[in-house]
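# A look at the structure
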Amino acid sequence: MKTIHSKYVIVGAGLSGLTTAYSLIENGEEDFIILEARDRIGGRILTKDGIDLGATWFQDHHVNLSKLLDTLSIHKFEQYSKGKSVLVYNTMAPAHYFESQHNGPSAYRIADGSIAVINKLANKLEGKIHLKSIVTSINECDDKISLTTNGKTYFAEKSIITLPPKLASEMDFSPELPKSLLQTMKFTHTWMSNAIKVGILFNKPFWKEKDFSGTVIGQVGSVIELYDHCDHKENTFALMGFINEGLRETKAKIRQEKVLDYLTKYLGEEVKSYTAYFEKDWSKDPQTSCENLKSVYMSPQYGNEIYNEWHCNGKLLFSGTETSPMYGGYLDGAVYSGLNAAKKLLNKELV
Ligand SMILES: Cc1cc2nc3c(=O)[nH]c(=O)nc-3n(C[C@H](O)[C@H](O)[C@H](O)COP(=O)(O)OP(=O)(O)OC[C@H]3O[C@@H](n4cnc5c(N)ncnc54)[C@H](O)[C@@H]3O)c2cc1C
């Protein structure tokens, strides 16, 4: 088995891991490797043909993310919400309409899709990200920590694990992790891991022409939330939202028909003239979810102080959004935890 040595190993190339890596570089430390299980970077950030099938929105109070976007010169824009929004609280009753109050933006989106922040962070990380590297076991050995993937063993002085804690709890650790930590990890729900996202592209924003905002809200139909998802330059026209989890086990073709029929009922026949249709069920993605998700334990332990501690004699730290005491679960929490991990590795305030 091939062995590779570096000072630090970061596991996971999601927003948290890449923020740590970017910060290390900015602070003059280049001796590290990032191991990523998937064949792509971004983790729960995934943008396909301009559609954010993972994270999308943030708000003014998400200061860690906002500051990072400013540093990377990435622009934000307001979520479109002008016009009539649809409220469905009973599929047999006629639709109800409401208009958003415009006394400030409800949420922002990232220009060019959320993946823009991932791509910018990765710009300076050429050669450091090892894709398709699934870490299965972590062992403390003398003054090093070793991480085993499919085919290679990596040795480092310290390692940062940014997987959702519940997933990380399924790795093999030697010595075993403290029981209290393992228990906390197993009960830390992976934020949004049960979501099924849908994105639909069109040739024109027909809903805007009809004075609809594109927002359709209601827990009783095939789609529980839908929003306008045109890009900031108004070059691509799309709707994006969340499919009712009750359709998870329905055959893909039938689910798509149900989604389109439902939206046609509330937004019009133009829905059927879509040019592309995408879905992403995060519960079926083994790099975000795990089997025991089926019984969702919705008692987030985000930012539990147990995640503050180093393990394996100061060689192993758990990071990632679920470990963040600030906006754990959100993009902002991922940035906070990423910066915090870099600070702890370097043992100093960051520049
Ligand atoms: C559908 C959806 C919608 C969301 N919407 C929003 C939103 O609008 N606003 C918001 O603020 N947040 C939102 N979020 C949450 C947001 O995406 C996360 O907070 C953030 O992306 C988490 O980043 P992270 O780096 O902590 O974790 P992740 O992105 O999960 O990164 C962990 C990385 O570890 C990798 N990995 C897993 N197992 C292994 C292994 N064994 N070996 C090596 N690598 C491994 C994964 O592939 C992944 O790249 C949403 C999430 C989802 C899924």
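Residues numbered from 1 in each chain as written. Predicted model: local features only at pLDDT ≥ 70, side-chain atom pairs only at ≥ 80, totals over all residues. Heavy atoms only, no water.

A word on helix 5 (residues 179-186). Buried within helix 5 we find Leu181, Thr184 and Met185. Down the axis of helix 5, the buried set is contained in an arc of 100 degrees. They therefore lie on one face. Where helix 5 is buried, its residues touch helix 4 (165-168) and strand 21 (316-318). (Buried < 20%, exposed > 50% of the residue type's maximum accessible area, 1.4 Å probe, protein only. Helix = DSSP H or I, 4+ residues; strand = E, 2+ residues; numbered from the N terminus. Arc of directions from axis to C-beta. Contact = heavy atoms within 4.5 Å.)

For the pair helix 1 (residues 15-26) and helix 8 (residues 331-346), the least separation of the axes is 7 Å and the interaxial angle reads 40 degrees. The orientation of helix 1 relative to helix 8 falls into the category oblique. The interaxial crossing formed by helix 1 with helix 8 has right-handed handedness. Of the residues in helix 8, those in contact with Leu15, Ser16, Thr19, Thr20, Ser23 and Leu24 of helix 1 are Leu331, Ala334, Val335, Ser337, Gly338, Leu339, Ala341, Ala342, Leu345 and Leu346. The residue inventory of the contact of helix 1 with helix 8, partitioned by class, reads ten nonpolar, six polar and no charged. (Axes fitted to C-alpha atoms, helices over the stretch in contact; angles between N-to-C directions. Parallel < 35°, antiparallel > 145°, perpendicular 65-115°, else oblique. Left-handed = near helix turned anticlockwise from the far one by under 90°. Nonpolar A, V, L, I, M, F, W, Y, C, P; charged D, E, K, R; others polar.)

The next subject is the nonpolar core. If you look at the biggest cluster of nonpolar residues, it comprises 37 residues, and the most contacted ones within it are Leu15, Phe32 and Val117. Sorting the residues of this core by element identifies strand 2 (8-11), helix 1, strand 3 (32-35), helix 2 (63-71), strand 9 (108-110), helix 3 (115-122) and helix 8 as the ones contributing at least two each. Tallying contributions element by element places helix 8 first for this core, with seven residues. The contact partners of phenylalanine 32, leaving out residues within four places of it in the chain, are Ser6, Tyr8, Ile10, Ala21, Leu24, Ile25, Leu125 and Lys128. (Core = buried A, V, L, I, M, F, W, Y, C linked by side-chain atoms within 4.5 Å.)

This paragraph deals with the site of the ligand. Residues in close proximity to the ligand total 36 residues, the closest being Glu36, Arg44, Trp57, Gly329 and Leu331. Serine 16 is positioned such that a nitrogen or oxygen atom in its backbone is 2.9 Å from an oxygen atom of the ligand. The backbone of alanine 37 places a nitrogen or oxygen atom 3.1 Å from a nitrogen atom of the ligand. In isolation the ligand offers 1,000 Å² of accessible surface; the protein chains occlude 97% of this area. Those elements giving two or more residues to the shell around the ligand turn out to be helix 1 and helix 8. Among the residues making up the shell around the ligand, the classes are represented as 20 nonpolar, 13 polar and three charged. (Near = heavy atom within 4 Å. Polar contact = N/O pair within 3.5 Å; in protein donor to acceptor, adjacent residues only side chain to side chain. Areas by Shrake-Rupley, 256 points an atom, 1.4 Å probe, with all protein chains shown as cover.)

On to the domain arrangement of the protein. Structurally, the protein comprises domain 1 (2-48 + 116-191 + 295-346) and domain 2 (77-110 + 194-284). Each of domain 1 and domain 2 has a C-alpha centre, and the two are 34 Å apart. Summed over both sides, the interface of domain 1 with domain 2 buries roughly 540 Å², with 77% coming from carbon and sulfur. Sorting the residues of domain 1 by area buried against domain 2 places Arg44, Leu46 and Lys48 first, and these three jointly supply 47% of that buried surface. (Domains from an automatic or database assignment. Buried area = accessible area lost by both parts, 1.4 Å probe.)

Read from one edge of the open sheet, seven strands run 8-7-17-18-19-16-20, paired in mixed fashion. Each edge of the open sheet is held by one strand with a lone partner, namely strand 8 (96-99) and strand 20 (276-281). Averaged over all adjacent pairs, the angle separating strand axes in this sheet is 20 degrees, with direction ignored. Judged from the six bridges that link them, strand 16 (residues 196-202) and strand 19 (residues 237-243) form a sheet pairing that is antiparallel. Note that in strand 19 the partner of lysine 197 across the bridge is phenylalanine 242. Relative to the sheet, helix 7 (residues 252-267) contacts strand 7 (84-87), strand 16, strand 17 (212-217), strand 18 (223-228), strand 19 and strand 20, its axis offset from that of strand 20 by approximately 115 degrees. (Pairing = 2+ DSSP bridges.)

Following serine 174, the chain continues into proline 175 via a peptide bond in cis, with omega recorded as 0 degrees. Tracing the backbone shows proline 175 in the loop between strand 15 (172-174) and helix 5. Within the chain, asparagine 313 stands out as a residue other than glycine whose phi angle is a positive 55 degrees. Of note, asparagine 313 is situated in the loop between strand 20 and strand 21. Overall, the relative accessible area of 66% leaves asparagine 313 in the exposed class. One non-glycine residue, asparagine 347, lies in positive phi territory at about 55 degrees. Checked against the element boundaries, asparagine 347 lands in the segment after helix 8. The exposure class assigned to asparagine 347 is exposed, which follows from its relative accessible area of 70%.

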